[in-house]
Amino acid sequence: MITPALIIKYAAVIVISYLLGSLNFSIIFSKFFAKKDIRESGSGNAGATNMLRTYGKRFAVITMIGDILKVAVSIIITFAILGEPMKFLFGIPQSAEEIQRIMIYKEFAGFFCVLGHIFPVFFKFKGGKGVAACTGMVIMVDWRIALILFIIFMAVILITKWISLGSIVIALLYPILIYAFYKNIILCIIALLFTAIVIIAHRKNIKRLIKGTENKISFSSKSKNR
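Residues numbered from 1 in each chain as written. Predicted model: local features only at pLDDT ≥ 70, side-chain atom pairs only at ≥ 80, totals over all residues. Heavy atoms only, no water.

### What to know about helix α9 (residues 163-182)
- Look at α9: 28 Å from first C-alpha to last across 20 residues, which is about the 28 Å you get at 1.5 Å a residue.
- Along its length, α9 reaches its greatest deviation from straightness, about 30°, at Tyr 174, and the proline Pro 175 lies no more than four positions downstream.
- Inspection of α9 places Ile 163, Ser 164, Gly 166, Ser 167, Ile 168, Ile 170, Ala 171, Tyr 174, Pro 175, Leu 177 and Ile 178 among the buried residues, and these make up the whole buried set.
- On its buried face, α9 sits against α3 (48-55), α6 (96-118), α7 (131-141), α8 (143-160), α10 (185-201) and α11 (203-211). (Helix = DSSP H or I, 4+ residues; strand = E, 2+ residues; numbered from the N terminus. Expected span 1.5 Å × (residues − 1). Bend = angle between axes of the 7 residues up to and from the residue. Buried < 20%, exposed > 50% of the residue type's maximum accessible area, 1.4 Å probe, protein only. Contact = heavy atoms within 4.5 Å.)

Right under this line is the structure:
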């Protein structure tokens, strides 16, 4: 039953998740360590890939870890606000209804955290493309799906050297895997929202991929990634 108290709780989840998502760590770390906004370098994108190209692997890794952890924190806070047992950490759901409810809570918090990452209120609404944040959400939702997507992501990168293509491919596969594992239309529809925002965020990359002008990545040296 929808009550004023429940509406307030969901509103709190939206605000907190969005604000946590707005903590874009590529911008924070680049300003703190290099005294420069990452959006003024490389591709101009505030994400781990541009950090890799501009500042190297170490900064790309800590950026990705930060963006993943903020989603995990938003989901943990969501469960605390909604008063649900932390079964995604300490137990196993006992029914299909409980699985659906828990999954919806995770994806609900994750969705607004990803929106904050792409449109951060703290950085004039110009953020990253949401891949690392979506990764954090998928890990919290189902580690098995996260592992499958990670393997596919790495395979695409190793074969094509296009990180953007790897991101697009796993975004498209996510709702398919959600349905394959859970056979639930509602969860699949929510998953499609994540696919949509990732694809929209990569629209310029898609145009460059079609034209064959998208930048390729090399892990052999920092200089080759620029």
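### Description of the side chain of Asn 205
- Note on placement: Asn 205 falls in helix α11.
- Residue classification places Asn 205 among the buried residues on the basis of a relative accessible area of 5%.
- Those residues within four positions of Asn 205 in sequence are excluded, and the remaining contacts are Lys 129, Ser 164 and Glu 214.

### So, the packing of α7 against α9
- At their nearest, the axes of α7 and α9 sit 12 Å apart, and the two run at 20° to each other. Relative to α9, α7 is oriented roughly parallel. Both α7 and α9 take part in a crossing whose hand is left-handed. Contacts between α7 and α9 involve Val 131, Met 137, Val 138 and Val 141 from the former and Ser 167, Tyr 174, Ile 178 and Tyr 182 from the latter. (Axes fitted to C-alpha atoms, helices over the stretch in contact; angles between N-to-C directions. Parallel < 35°, antiparallel > 145°, perpendicular 65-115°, else oblique. Left-handed = near helix turned anticlockwise from the far one by under 90°.)

### A look at the packing of aromatic side chains
- By the definition in use, this model includes 12 aromatic pairs.
- Consider the rings of Tyr 55 and Phe 59, whose centres lie 6.1 Å apart with planes at 70°: the pair is edge-to-face. Here Tyr 55 matches Phe 59 in class, with each residue buried.
- Between the aromatic rings of Phe 111 and Phe 194, the centroid separation amounts to 5.8 Å while the plane-to-plane angle is 90°, which identifies the pairing as edge-to-face. (Phe/Tyr/Trp six-rings, centres within 6.5 Å; stacked < 30°, edge-to-face > 60°.)

### Side note on a positive patch on the surface
- A contiguous patch of positive charge, built from Lys 126, Arg 203, Lys 204, Lys 207 and Lys 211, is present on the exposed surface.
- On the secondary structure map, Lys 211 appears in helix α11. (Patch = residues over 30% accessible without salt bridge, like charges linked within 9 Å, V, L, I, M, F, W, Y side chains within 5 Å. Areas by Shrake-Rupley, 256 points an atom, 1.4 Å probe, with all protein chains shown as cover. Salt bridge = Lys/Arg side-chain N within 4 Å of Asp/Glu carboxyl O. Lys, Arg positive; Asp, Glu negative; His and termini not counted. Charge placed at Lys NZ, Arg CZ, Asp CG, Glu CD.)

### Here we look at a nonpolar patch on the surface
- A cluster of nonpolar residues, Val 15, Leu 19, Leu 23, Phe 119, Val 121, Phe 122 and Phe 125, forms a patch on the protein surface that exposes about 600 Å² of accessible area.
- Locating Phe 122 in the fold gives a position in the loop between α6 and α7.

### Some thoughts on unusual backbone geometry
- One non-glycine residue, Lys 124, adopts positive backbone phi at about 60°.
- Note on placement: Lys 124 falls in the loop between α6 and α7.
- You can call Lys 124 exposed: its relative accessible area is 77%.
- One non-glycine residue, Lys 161, adopts positive backbone phi at about 65°.

### Section: the nonpolar core
- Core analysis: the largest hydrophobic core is formed by 51 residues, its most contacted members being Tyr 174, Ile 178 and Phe 194.
- Contributions of two or more residues to this core are made by α2 (25-33), α3, α4 (57-82), α6, α7, α8, α9 and α10.
- The leading source of residues in this core is α6, at 9 residues.
- If near-sequence neighbours (up to four positions away) are discounted, Phe 194 is found in contact with Glu 107, Gly 110, Phe 111, Val 114, Cys 134, Met 137 and Tyr 174. (Core = buried A, V, L, I, M, F, W, Y, C linked by side-chain atoms within 4.5 Å.)

### Remarks on the packing of α6 against α9
- Close contact between α6 and α9 brings their axes to 13 Å; oriented N to C, the two are set at 160°. Judged by the inter-axis angle, α6 sits roughly antiparallel to α9. The two elements α6 and α9 cross, and the hand of that crossing is right-handed. Here Ile 99, Met 103 and Glu 107 of α6 lie close against α9, whose contacting residues are Tyr 174, Ile 178 and Tyr 182.

It is worth stressing that arrangement in space is one thing and function is another; only the former is reported here.
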